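Observations on chain architecture
Spelled out from the first residue to the last, the chains are:
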Amino acid sequence: MTATKTSLSAPTQLEVPTRAHVIRARKRKKAGLIAALTIGALFPALPVVWMLSSSFKPNGLIFEYPPRLITEGFSFDAYVAILTDPEKLRFFFNSYFIAGSVTILTLFVAVLAAYAFSRYEFKGKRIINVVVISVQAVPPITLLIPYFGLVVVLGLYNTYPGLILTYMVFTLPYAIIMMTGYFNTLPRELDEAVKVDGGSPWTALWRVLVPISVPGMVSVGVYTFMIAWNEYLFALTLTRTNDMRTVPIGIQLLMGQHAYDWNQMMAMSVLGCIPVLILFLFFQRYFIGGMTAGAVKA
Amino acid sequence: MTHPPETTEATAAAPLATAPASAGSGDGGTGDEAGPTRGRWRGRRSYRGTVAPYGFLTPTFVLLLVLMVTPIAMVIGYSFVDRVIINPNSDFVGFENYAQVLGDPVFFKAVSNTAIFAGASVIAHFVLGMGFALMLNSPMISNRLKAVYRAIYILPWLFTVAIVAVLWRMLLSPNGIVNFFVTELGFAEEEIAWLSDPSLALPAITFINIWAGYPFFMVSLLAGLQGISSELYEAARLDRAGPVKQFFNVTLPQLKPIIISMALLDFIWTTQQFALIWMTTGGGPIDATEMVSTYTYKLAFSTYDFAVASASAVIIFLLSMTLAFFYVRHQKSRD
C-alpha cells in the first residue's frame, strides 16, 4: 500500500526498485497459482487415473494392499473381454443407434420450431415459449409411471422407438431454445430475400438458414447426443431384454453379473466415455459457450 | 433429465460473447434472448396472422402433447384411483393415495435428504466452480497451460452418471483407495464403509455428486468471467480496491445473473437425480440416502403400488414446478 502511494507521488525516484519488486512478486504469485492449480487438479484427476489403472489390472489385484498404479499383471484383458462379447457390444450398438437417432430427429423438429420462434410473431408465442422452458423442469420420475403405461399400450415397450421418442421429450426443449438463439443471430434479410423472390418459408429455411447454421446445429446435436448417451432411468425401466439395453445399464448389469469384475467395469466405463471424449476433442470449437449459453439462458 | 455431461470448452479466444446463442444480444452474453426474439424485430414485417409458424411448430406440439401433456394428465389421474395399472377395474379414491404418501415418515425423510443433497451440492458446485474458474481466468499463466488445466478440470464431465457411480463404488469400497489414504494418513483407525454406514452414506453420495457436477458451474462462470469488461477492474484499481474487494464489488455482481440461473437449474436437476443414488446406495442404508426419486421409483417398480407412486410423483412435480416458476421468472427479468 505504502509502496504504491510513494510510487504514485514520486514515480521517477522509486521506479527501478519498484519494478524489480513487482516482477519478483509476480513470479512468486505465478508459482503460487500454478501450485494451486496443480493441487486442485488432483480432485478431478485422481479418480480418473485410478479408473484407467484399474482397467488394466487383473481383477484379483484391484484391491491389493498397498495399492499400486501399475501391477505385474498389466494387460488389456478386460478390454478384450468386453470387445469380444457380443452381448456387451450390443450395449454399445444400442447406445450409438439410439443416441444417433435421437440427435437427428431432435435437430429436425427443433429447427422447424426454432424457425417459427425466431422469424414469426404469432398468437400464443409467449405462452408456448414459457411452456417449452418449464418442460425442462418436469421431473423424469413423474413421467416414468405414465410412460410405462403409455409405451406398453402403444406397443413400444422394449423397442428402439420407445426409447427414442422418450428421450426426445428431454432433448427437444433445450434444442429449441438453443436453435432459436442461433437463428436470432442470423440477419433476417437472408431468408427474407428468398421470400421476396417468391420462395416459400420452407425453402428459405432449408436452402438458406440451415446451411449457414451448421455450427449451431453441431452444438445442439452434440448436446442431444450426450443426453441420450447418458440416460439411465428410462433405459432401465422401458426395456426388458439385454439386447435392448444401453451402455449405462450394461455397466450396471456387469455389477451384478459376475460377482464384481471391477477391471471389466472400469474398462467398459473407459470405452463408454469415448464417444463423449471424441465429440469433445473434435467439436470443442463449436460448442464453446453454446451449451453454457443455452443452459444459462435456457 | 439430470446433469448432462456437457463437454464445453471455453477457450480464451472465444468467450460467451461469441457463442451462437448469445451473439445477437450484445451484452456479453449474460442476458437476454432466452427464447424467441422478443421485441427485436418489432416494427418490421412480422408475418402476423399467418398460419406458417403453427405449421412449423406442429411436430413439437404433437410430441409435447403425446409425451408430456398426456403423461402428466395420466399420472394425475392415476394418483386418484386405486391399484392402477395392475388392476383394470380400479376405483376413484380421492386423496387417499396422497394421504398415504404424506403420512409416510419415509417420504419426509426422502424430502429432507433430497433438500440436503441438493443444497450442499449446489453450494459446493458454486464454490469449486468459482475457485477453479478464477484460477483458470488468471492472465498470469499462458494459454497453453490454461488449456491443459482446463481439460483436467473438465474431466468429471466426460463421464455418464452410471460410470461415476461405479467408479466411486470402487474408490469408496471398504478396501478401496480412499480408505487406504484415510487409514495411512491416520484419519481413521480402520477402514470405513462409506456407502453402507447410515451416518456417512448421505455425505458420501453428496461428495460424489459434487465431484461429478462442478465443471458445469466452472465452465459457465469461466465464460461469464471472460465477458466482464476489463474497464470495470481498471476503475476498481484506480479506487485502490484489492483483489478481494474487486471480487466482491466487480466480479460477483457482474456474474450474479449467471450464478442465480445456474444455481436454480442445478438445484432442480440435483433434486431429480436418480441414477447416482440408485447405483451407489439404492436409497439405503435404512433410508439414509432415500431421495424423492428413489422413493417414488421403489413404490412403482419394486412394490408395484403405481397409484401411490403416482401421488408421490405428482407431489414432486408440483415442487419442481414451483422451482421452475422462480427460474422462468428470473430468466424473464433478465430479458
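Bear in mind the structure is a predicted one, so any value in this text is a computation, not a measurement. (Residues numbered from 1 in each chain as written. Chains lettered and ligands numbered in written order. Predicted model: local features only at pLDDT ≥ 70, side-chain atom pairs only at ≥ 80, totals over all residues. Heavy atoms only, no water.)

Glancing now at the overall build of chain B. The number of helices and strands found in chain B is 12 helices and 0 strands. Listed by position from the N terminus, the elements making up chain B come as α-α-α-α-α-α-α-α-α-α-α-α. Looking at chain B as a whole, 57% of its 335 residues are labelled buried. The long-range share in chain B, meaning contacts at least 24 apart out of those at least 6 apart in sequence, stands at 68%. Accessible surface, chain B: about 13,900 Å² in total, of which carbon and sulfur atoms supply 65%. (Helix = DSSP H or I, 4+ residues; strand = E, 2+ residues; numbered from the N terminus. Buried < 20%, exposed > 50% of the residue type's maximum accessible area, 1.4 Å probe, protein only. Contact = heavy atoms within 4.5 Å. Areas by Shrake-Rupley, 256 points an atom, 1.4 Å probe, with all protein chains shown as cover.)

Residue and element names in this part refer to chain B. Per the UniProt record, the feature "transmembrane region" (unreviewed entry) sits at residues 54–81, 115–136, 148–171, 200–225, 246–269 and 306–328. Its end C-alpha atoms 32 Å apart, residues 246–269 is made of 100% helix and 0% strand. The span residues 306–328 is 100% helical and 0% strand by assignment, and the distance between its end C-alpha atoms comes to 31 Å. (UniProt positions renumbered as here; feature names shortened; annotations may be inferred.)

The next point concerns the pattern of salt bridges. All names here are of chain A. Under the defined criterion, the tally for this structure stands at 6 salt bridges over all chains. For the salt bridge of aspartate 85 with lysine 88, the shortest nitrogen-to-oxygen distance reads 3.1 Å. By the burial criterion, aspartate 85 is buried, and lysine 88 matches it. A salt bridge links arginine 119 to aspartate 191; the nearest nitrogen and oxygen atoms lie 3.0 Å apart. Residue arginine 119 is found in helix 4 (residues 86–119), and its partner aspartate 191 is found in helix 8 (residues 188–196); the two are separated by 72 residues along the sequence. (Salt bridge = Lys/Arg side-chain N within 4 Å of Asp/Glu carboxyl O.)

Among the nonpolar cores identified, the biggest contains 198 residues, and Phe183, Leu205 and Phe234 of chain A together with Tyr153 and Met218 of chain B are the most heavily contacted of them. Excluding residues that lie within four positions of it along the chain, phenylalanine 183 of chain A makes contacts with Val111, Ala114, Tyr115, Ser118, Arg119, Leu205, Leu209 and Ser213 of chain A. (Core = buried A, V, L, I, M, F, W, Y, C linked by side-chain atoms within 4.5 Å.)

Quick look at the UniProt feature "domain: ABC transmembrane type-1" (unreviewed entry) in chain B now. In this numbering, the UniProt entry assigns the feature "domain: ABC transmembrane type-1" (unreviewed entry) to residues 111–327 of chain B. Helix makes up 73% of residues 111–327 of chain B and strand 0%, whereas the separation of the span's terminal C-alpha atoms amounts to 20 Å.

With that out of the way, let us pick up the UniProt feature "transmembrane region" (unreviewed entry) in chain A. Residues annotated by UniProt as "transmembrane region" (unreviewed entry) correspond here to residues 31–52, 96–118, 130–157, 163–183, 204–229 and 265–283 of chain A. Between the first and last C-alpha atoms of residues 204–229 of chain A the distance is 33 Å; the span itself is 96% helix and 0% strand.

This brings us to the confidence of the model for chain B. All names here are of chain B. Residues with a pLDDT of 70 or more make up 84% of chain B, whose mean pLDDT is 81. Confidence drops under a pLDDT of 50 for residues 1–44, and excluding neighbours within four residues, the segment shows 137 contacts in the predicted structure. Prediction confidence for the complex, expressed as pTM and ipTM, is 0.84 and 0.84 respectively. (pLDDT = per-residue confidence, 0-100.)

Remark: the centre distance and the inter-plane angle together describe each pair of aromatic rings, the angle taken between the planes. What the rule picks out here adds up to 51 aromatic pairs over all chains. Ring centres of phenylalanine 43 of chain A and tyrosine 214 of chain B lie 5.8 Å apart, and the angle between their planes is 40°; on these two criteria the pair is classed as tilted. Taken together, the residues phenylalanine 43 of chain A in helix 2 (residues 11–55) and tyrosine 214 of chain B in helix 7 (residues 201–226) connect one chain to another. Judged by its relative accessible area of 21%, phenylalanine 43 of chain A is partly exposed. Given the relative accessible area of 0%, tyrosine 214 of chain B is considered buried. An angle of 65° between the planes, with centres 5.9 Å apart, marks the rings of tryptophan 157 of chain B and phenylalanine 216 of chain B as edge-to-face. Remark: phenylalanine 216 of chain B occurs in helix 7 and tryptophan 157 of chain B occurs in the loop between helix 4 (143–154) and helix 5 (161–171); sequence separation between them is 59 residues. Grouping residues by exposure puts tryptophan 157 of chain B and phenylalanine 216 of chain B together as buried. Among the aromatic residues, those joined into a ring-pair cluster are Phe43 of chain A together with Phe132, Tyr149, Tyr153, Phe159, Trp168, Phe207, Trp211 and Tyr214 of chain B. (Phe/Tyr/Trp six-rings, centres within 6.5 Å; stacked < 30°, edge-to-face > 60°.)

Looking at the secondary structure, you find isoleucine 154 of chain B in helix 4. Here the alpha-carbon distance between isoleucine 154 of chain B and tyrosine 54 of chain B, two residues 100 residues apart in the chain, equals 40 Å.

Okay, the side chain of serine 75 of chain A next. Residues and elements named next belong to chain A. Along the chain, the position of serine 75 falls in the loop between helix 2 and helix 3 (77–83). A polar atom in the side chain of serine 75 sits 3.3 Å from the backbone nitrogen of aspartate 77. Other than its neighbours up to four places away in sequence, serine 75 contacts Ser55 and Phe56. (Polar contact = N/O pair within 3.5 Å; in protein donor to acceptor, adjacent residues only side chain to side chain.)

With that out of the way, let us pick up the confidence of the model for chain A. Residue and element names in this part refer to chain A. Per-residue pLDDT for chain A has a mean of 84; in total, 88% of the residues score no lower than 70. Ranking the helices and strands of chain A by mean pLDDT puts helix 4 first, with 94, and helix 1 (residues 2–9) last, with 45. This stretch, residues 1–11, has a pLDDT under 50; its non-local contacts, to residues over four places away or in other chains, come to 5 contacts. Low pLDDT (under 50) marks residues 291–298, which in the prediction has 47 contacts with non-local residues, meaning those over four places away or in another chain.

In this section: helix 5 of chain B. Residues and elements named next belong to chain B. Extensive coverage of helix 5 is indicated by the burial of 10 of its 11 residues. Taken as a whole, helix 5 has its buried residues at Val161, Ala162, Ile163, Val164, Ala165, Val166, Leu167, Trp168, Met170 and Leu171. N-cap assignment for helix 5: the residue whose side-chain oxygen lies 3.0 Å from the backbone N of alanine 162 is threonine 160.

This part takes up the packing of helix 7 (residues 160–184) of chain A against helix 1 (residues 52–78) of chain B. Remark: helix 7 of chain A packs on helix 1 of chain B, axes separated minimally by 10 Å, with the N-to-C direction vectors making an angle of 130°. When the axis of helix 7 of chain A is compared with that of helix 1 of chain B, the two are oblique. Our pair here, helix 7 of chain A against helix 1 of chain B, has a crossing hand that is left-handed. Taking contact as the criterion, the partners of Leu165, Met168, Val169, Leu172 and Ile176 of chain A in helix 7 of chain A are, on helix 1 of chain B, Thr60, Leu63, Leu67 and Met68 of chain B. Grouping the constituent residues of the contact of helix 7 of chain A with helix 1 of chain B by class yields 8 nonpolar, 1 polar and no charged. (Axes fitted to C-alpha atoms, helices over the stretch in contact; angles between N-to-C directions. Parallel < 35°, antiparallel > 145°, perpendicular 65-115°, else oblique. Left-handed = near helix turned anticlockwise from the far one by under 90°. Nonpolar A, V, L, I, M, F, W, Y, C, P; charged D, E, K, R; others polar.)

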